Amino acid sequence: MRWQGQKLGETDAAALPGLEDRSSVLRTVTTPEFAGMTFHEVLSRSALNKVPGSSRMPFGWTINPYRGCSHACVYCVSPDTLILCADGRQRPLRELEIGDEIIGTEVQGFYRRYVRTTITAKWSTRKPAYRVTLADGTRLEASGDHRFLTDRGWKHVTDAETGQRPHLTLNNRLMGFGVGADDLAIEHSGEEYRRGYLAGMIRGDGMIFHGSYPSPRRTRRIHRFRLALIDDEALDRSREFLLDEGVPTRTRPSRKMSIEGTAVKTVADLRVVEITPLDGERDLLDITTGTGDFIANGVISHNCFARGTHEYLDLDGGADFDSQIVVKVNVVEVLEKELRRGSWQHELVALGTNTDPYQRAEGRYRLMPGIIEALAASGTPMSILTKGTLIRRDIPLLVRAAERVHVDIQMSIAMYDDDLQKAIEPGAPTTQARLDTVKALTDAGFRVTVFLMPIMPHLTDSVDALDTALARIRAAGAARVIYGALHLRPGVKPWFFQWLGEYRPDLLSSYRGLYPGVSAEAPKAYRQWLAKRVRPLIRMHGLDGRHEDDYPVRGTRPGFAPSASTAASAPAQPMLF
């Protein structure tokens, strides 16, 4: 959180408003109610955030009482884990630093290949861990949340408490090459070890050649193999063992070989044979890389992706985004002062554009009631976008606010298949719980908009899926639907592709075609096709529908509404997925 500016008497002009000096940080709080989470209660200098003029958003102002969110996992492994570096060496994770070049993987065409990548972040934690033992002797120590790539996609080490995530089971096969058994348990001097070592080197890394050369006098049969290694120690050991077996060798300098660009193939026996919980808690480390993965003890390991808003605070966007929650405890008082300024034009203020204002932490801090009351008292219209059902707590307050200003409420409900919803939104309320919230808001007199976003190609864009979604939205009493195709903005795109590789690896190539390179939006042709499919269904269900691109011009102010039941339609805000 730009901690270098948090010492008494020191300031940091580049810090988040309100965090320039230590006096702005009130306290750091942990509580059993939110196990594993830390709340940094801060004093913010501003509450209203101006949206840049270049933004395509239809609103000019936002309020974000929280930074970070309370849903996600921590991915960590033992500091002793060997990481494959770009120079071919394997170094313990504890020795690596930000900026070091290592090897990761990337899907290119039909194959996943080894590629060079860079460490962009590194952090530590202390938590329970497990030992995963593979059939070839490779051992891995990692948290239960950590994920490894198997021949059936990404899997966590253990199941979640809710039992809703893919996890390793016996005989799952990990992808990579492994490192074999612990050297301390092996007798290096014996004939059995020597011959086994040679068999592994020759069959695993050697290029074997068999050829016949006939001539009038005789036929020569040639049997050779070539072993080219970047590791001189392994090459010298192979020569020594071959001489012990009576096989002479010769060496010559050659260009050092690299694993980069080669396809990921699993020759070693990397079946999971044992998963054992370790006693107590362990010191664990994790890194973020450009590819989103790294090679840990010879197998492909997932890492946590950063999320931009937390990186701005000099907190990592992985574990910190989910566990280090910044709470602007004075946001209501600051907002009241800003709304009293003569320069305030009473423009629409949008809540829920960055992090959900009704996330779990709101149940503890109760910031939204004060924000709603301040906006209503000043005559400022507001819109609220949420996935959280906690908004039902504030329905009476919202009804009173709607008697004075326009209040537009939007509920984000993208998935109507329970299994898919649990896979992509494991920490969010269920689809039915959110639909029940729409019904409660409708019964209170609000014309609720449902964001049917994102619609995901090949997952939620079929006629049956869309028809089911719209029927349930209509049954809940919603008045409007905003729909749009999946956006994959920077920071979200790598995470989504990793999730897709785990949940539906068969769709990866299709999605890479729809969202190539740095493209964030689906192609125009797909969006037009989607509109032709959705619009007739919206009309059939009697809903007011709009595509996400059909937003009102920035600055449009909704008319004054005397009550929630008669409130005019307000500009809808897009879901920043």
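Caption draft 1: Representation of the sheet that holds strand E19 (residues 349-351) in the model. One open sheet holds the eight strands; their spatial order is E3-E4-E19-E20-E21-E22-E23-E24, and the pairing between them is mixed. Each edge of the sheet is formed by a strand with only one pairing partner; in this case those strands are strand E3 (48-50) and strand E24 (544-547). Between one strand axis and the next, the sheet turns through 25° on average, direction left out of account. Inspection of the sheet shows strand E22 (residues 449-455) paired to strand E23 (residues 480-485) by five bridges, in the parallel sense. What sits directly across from Ile455, in E23, is Ala485. Against the sheet, helix H11 (residues 463-475) makes contact with E22 and E23, and its axis sits at roughly 160° relative to E22, the strand it touches most.

Caption draft 2: How the structure looks around the side chain of Ser78. Among the secondary structure elements, Ser78 is positioned in the loop between strand E5 (66-67) and strand E6 (82-84). Ser78 gets classed as buried once you look at its relative accessible area, which sits at 9%. Not counting residues up to four positions away in its chain, the partners in contact with Ser78 are Leu93, Glu141 and Leu284.

Caption draft 3: Molecular detail of the nonpolar core. Judged by nonpolar contacts, the single largest core of 84 residues is most densely connected at Phe496 and Tyr511. Apart from residues no more than four positions distant in its own chain, Tyr511 is found in contact with Met456, Pro457, His458, Leu459, Leu486, Phe496, Phe497 and Leu500. Residues Val77, Cys85, Ile102 and Ile119 belong to the second largest nonpolar core, which totals 22 residues.

Caption draft 4: Region of the structure containing the pattern of salt bridges. In this structure the tally under the stated criterion is 21 salt bridges. Of the charged contacts in the structure, one is a salt bridge between Arg393 and Asp394, with a shortest N-O distance of 2.9 Å. One salt-bridge network, held together by shared partners, links Glu191, Arg194, Arg195 and Glu245.

Caption draft 5: A look at helix H14 (residues 524-540). The first and last C-alpha atoms of H14 sit 25 Å apart over 17 residues, in line with the 24 Å expected at 1.5 Å per residue. Residues of H14 that are buried include every one of Tyr526, Arg527, Leu530, Ala531, Val534, Leu537 and Ile538, and no others. As for H14, its buried residues are in contact with E22, H11, E23 and E24. The first or second residue beyond H14 is Gly542, which carries a positive phi of 70°.

Procedures and definitions
Residues numbered from 1 in each chain as written. Predicted model: local features only at pLDDT ≥ 70, side-chain atom pairs only at ≥ 80, totals over all residues. Heavy atoms only, no water. Pairing = 2+ DSSP bridges. Helix = DSSP H or I, 4+ residues; strand = E, 2+ residues; numbered from the N terminus. Axes fitted to C-alpha atoms, helices over the stretch in contact; angles between N-to-C directions. Contact = heavy atoms within 4.5 Å. Buried < 20%, exposed > 50% of the residue type's maximum accessible area, 1.4 Å probe, protein only. Core = buried A, V, L, I, M, F, W, Y, C linked by side-chain atoms within 4.5 Å. Salt bridge = Lys/Arg side-chain N within 4 Å of Asp/Glu carboxyl O. Expected span 1.5 Å × (residues − 1).

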